[in-house]
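# Observations on chain architecture
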Amino acid sequence: PRADVAVALGKIYWQRGIIDRAKAQFEGAIRDPRDYEGACALGRLLWTSGSPERAVEPLQLSIQRNRSHGESRHALSRVYLALAKPAESLAQAEAWATENPASPTAHKDMALALAQQGKWKESDAALGRALKIDAQDPESYRLRATLMFAHGDGRAGFAALQKANALAPKDSEVFCAIGRAFVRQGNVQQAERAYEAASREDANSICGLAGEVMLKPAAGKPQLSRLQGLSSGAPRASDRALAAVAAS
């Protein structure tokens with residue numbers, strides 16, 4: 001089947017960083033009305049390449065052709081989060097959890113969408129279901145820390161971040177979360193170290209760069225033009241806001 005071959009070849013190009021050829025293969029696969037894998041792959045490629053707004057249409061097409069395709073539901077839920085549309089994100093996550101209640105990622109996506117709406121109690125319940133199925137997911141513990149800090153429980157928040165860091169010792173997002181936690185405590189020196197670690201592990205970490213600049217504004221002046229560009233061009237709405245704050 002040509003569509004299957006096109007998707008497989010596109011994934012090889014993608015792994016090798018030949019994005020244009022990968023995109024062309026996925027677009028070719030979509031022409032087959034039975035295809036949903038190519039549409040999903042194209043959406044994920046656009047999402048991870050920094051164009052979440054362009055990822056919506058192919059992911060919706062994939063779900064239209066196969067409503068039980070969890071990978072497409074997950075990707076579209078995250079794309080909507082990146083676009084600051086938590087209600088739409090929640091709808092996708094709920095649909096996936098209904099199709100596959102044993103999926104920890106589906107429940108975690110629900111928790112993320114609920115947290116972005118400030119629905120802490122409901123988010124905590126969804127996250128509890130995710131952790132019951134998979135107790136070794138670092139992103140879940142990072143979200144747990146966010147929920148604990150929102151409840152004013154700093155001790156539990158730090159414990160969750162320590163668990164996340166142990167499970168993913170090179171995750172820049174975890175280091176940024178640790179940096180924010182230290183800022184809340186007024187521990188600037190430790191916060192600086194955490195943001196520096198985020199930038200060390202990921203040279204393109206927006207939260208790492210913004211965190212360092214906000215703690216040392218004078219030293220961050222050379223980064224101003226980059227931050228101003230990120231404030232409008234970063235893929236995630238949360239990163240655009242963070243970059244704008246740091247630039248200001």
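Nothing here was measured: the structure is a model prediction, and the numbers come from that model.

## A few points about the overall build of the chain
- Counting its regular elements, the chain contains 15 helices and 0 strands.
- The principal-axis extent of the C-alpha atoms belonging to the chain is close to 60 × 40 × 30 Å.
- Here the chain holds 248 residues, and 44% of them are scored as buried.
- Considering only contacts in the chain between residues 6 or more positions apart, those separated by 24 or more positions represent 43%.
- Surface exposure of the chain reaches about 12,700 Å², of which carbon and sulfur atoms provide 50%.
- Here the chain holds 33 positive side-chain charges and 27 negative ones, and the gap between their average locations is 1 Å.

## Regarding helix 5 (residues 70-82)
- Helix length check: helix 5 (13 residues) gives 18 Å between terminal C-alpha atoms against 18 Å at 1.5 Å per residue, within 8%.
- Residues of helix 5 that are buried: Gly70, Ser72, Arg73, Ala75, Leu76, Ser77, Arg78, Val79, Tyr80, Leu81 and Ala82.
- Considering only its buried residues, helix 5 is in contact with helix 3 (37-48), helix 4 (52-65), helix 6 (86-99), helix 7 (104-116), helix 9 (138-150) and helix 15 (237-247).

## What to know about the packing of helix 5 against helix 6
- Contact geometry of helix 5 with helix 6 gives a least axis separation of 7 Å together with a crossing angle of 165°. When the interaxial angle is binned, helix 5 and helix 6 end up roughly antiparallel. The element helix 5 and its partner helix 6 pack so that their crossing is left-handed. Mapping the contact onto sequence places Gly70, Arg73, His74, Leu76, Ser77, Tyr80 and Leu81 in helix 5 and Pro86, Glu88, Ser89, Gln92, Ala93, Ala95 and Trp96 in helix 6.
- Taken together, the residues of the contact of helix 5 with helix 6 sort by class into 7 nonpolar, 5 polar and 2 charged.

## Quick look at helix 3
- Here helix 3 contains 12 residues, and its C-alpha end-to-end distance of 16 Å stays within 8% of the 16 Å for a straight helix at 1.5 Å per residue.
- By the criterion of burial, helix 3 is predominantly enclosed, with 9 of the 12 residues buried.
- Those residues of helix 3 lying buried are Gly38, Ala39, Cys40, Ala41, Leu42, Gly43, Arg44, Leu45 and Leu46.
- Those residues of helix 3 hidden inside the fold are in contact with helix 1 (2-15), helix 2 (19-30), helix 4 and helix 5.
- Count one or two residues on from helix 3 and you reach Gly50, which has phi positive near 100°.

## Considering the pattern of salt bridges
- Following the criterion strictly, the structure yields 14 salt bridges and no others.
- Between Arg34 and Asp32 there is a salt bridge, with its nearest N and O atoms 3.2 Å apart.
- Overall, Arg34 belongs to the exposed group, its relative accessible area being 68%.
- Within this structure, Arg78, Lys108, Asp109, Asp137, Glu139 and Arg142 form a network of salt bridges that share partners.

## Some remarks on the packing of helix 11 (residues 172-185) against helix 12 (residues 188-201)
- Direction vectors running N to C along helix 11 and helix 12 enclose 165°, while the axes themselves pass 8 Å from each other. It follows from the interaxial angle that helix 11 and helix 12 lie roughly antiparallel. Of the two possible hands of crossing, helix 11 and helix 12 adopt the one that is left-handed. On helix 12, the residues touching Ser172, Phe175, Cys176, Ile178, Gly179, Arg180, Phe182 and Val183 of helix 11 are Gln190, Ala191, Ala194, Tyr195, Ala197, Ala198 and Glu201.
- A class-by-class count of the residues in the contact of helix 11 with helix 12 yields 10 nonpolar, 3 polar and 2 charged.

## Focus: the environment of Ile63
- With respect to the secondary-structure elements, Ile63 resides in helix 4.
- According to the relative accessible area criterion, Ile63 is buried, its value standing at 6%.
- Spatially, the C-alpha atoms of Ile63 and Ala39 are 8.9 Å apart, while their sequence positions differ by 24 residues.
- Sequence-distant contacts of Ile63, defined by excluding residues within four places in its chain, comprise Ser72, Arg73, Leu76 and Gln92.

## Notes on the nonpolar core
- Counting residues in hydrophobic clusters, the biggest one holds 38 residues, and the most contacted among them are Met110, Leu127, Leu143, Leu147, Phe149, Leu161 and Ile178.
- Residue assignment for this core shows that the elements contributing at least two residues are helix 6, helix 7, helix 8 (120-133), helix 9, helix 10 (154-167), helix 11 and helix 12.
- Not counting residues up to four positions away in its chain, the partners in contact with Leu147 are Ala115, Trp120, Ser123, Asp124 and Leu127.
- By size, the runner-up hydrophobic cluster in this structure holds 21 residues, among which are Val7, Phe26, Ala41 and Ala55.

## Observations concerning the side chain of Arg44
- Tracing the sequence through the fold places Arg44 in helix 3.
- With near-sequence residues (within four places) excluded, Arg44 lies in contact with Lys11, Trp14, Leu59, Glu71 and Ala75.

About the cut-offs
- Residues numbered from 1 in each chain as written.
- Predicted model: local features only at pLDDT ≥ 70, side-chain atom pairs only at ≥ 80, totals over all residues.
- Heavy atoms only, no water.
- Helix = DSSP H or I, 4+ residues; strand = E, 2+ residues; numbered from the N terminus.
- Buried < 20%, exposed > 50% of the residue type's maximum accessible area, 1.4 Å probe, protein only.
- Contact = heavy atoms within 4.5 Å.
- Areas by Shrake-Rupley, 256 points an atom, 1.4 Å probe, with all protein chains shown as cover.
- Lys, Arg positive; Asp, Glu negative; His and termini not counted.
- Charge placed at Lys NZ, Arg CZ, Asp CG, Glu CD.
- Expected span 1.5 Å × (residues − 1).
- Axes fitted to C-alpha atoms, helices over the stretch in contact; angles between N-to-C directions.
- Parallel < 35°, antiparallel > 145°, perpendicular 65-115°, else oblique.
- Left-handed = near helix turned anticlockwise from the far one by under 90°.
- Nonpolar A, V, L, I, M, F, W, Y, C, P; charged D, E, K, R; others polar.
- Salt bridge = Lys/Arg side-chain N within 4 Å of Asp/Glu carboxyl O.
- Core = buried A, V, L, I, M, F, W, Y, C linked by side-chain atoms within 4.5 Å.

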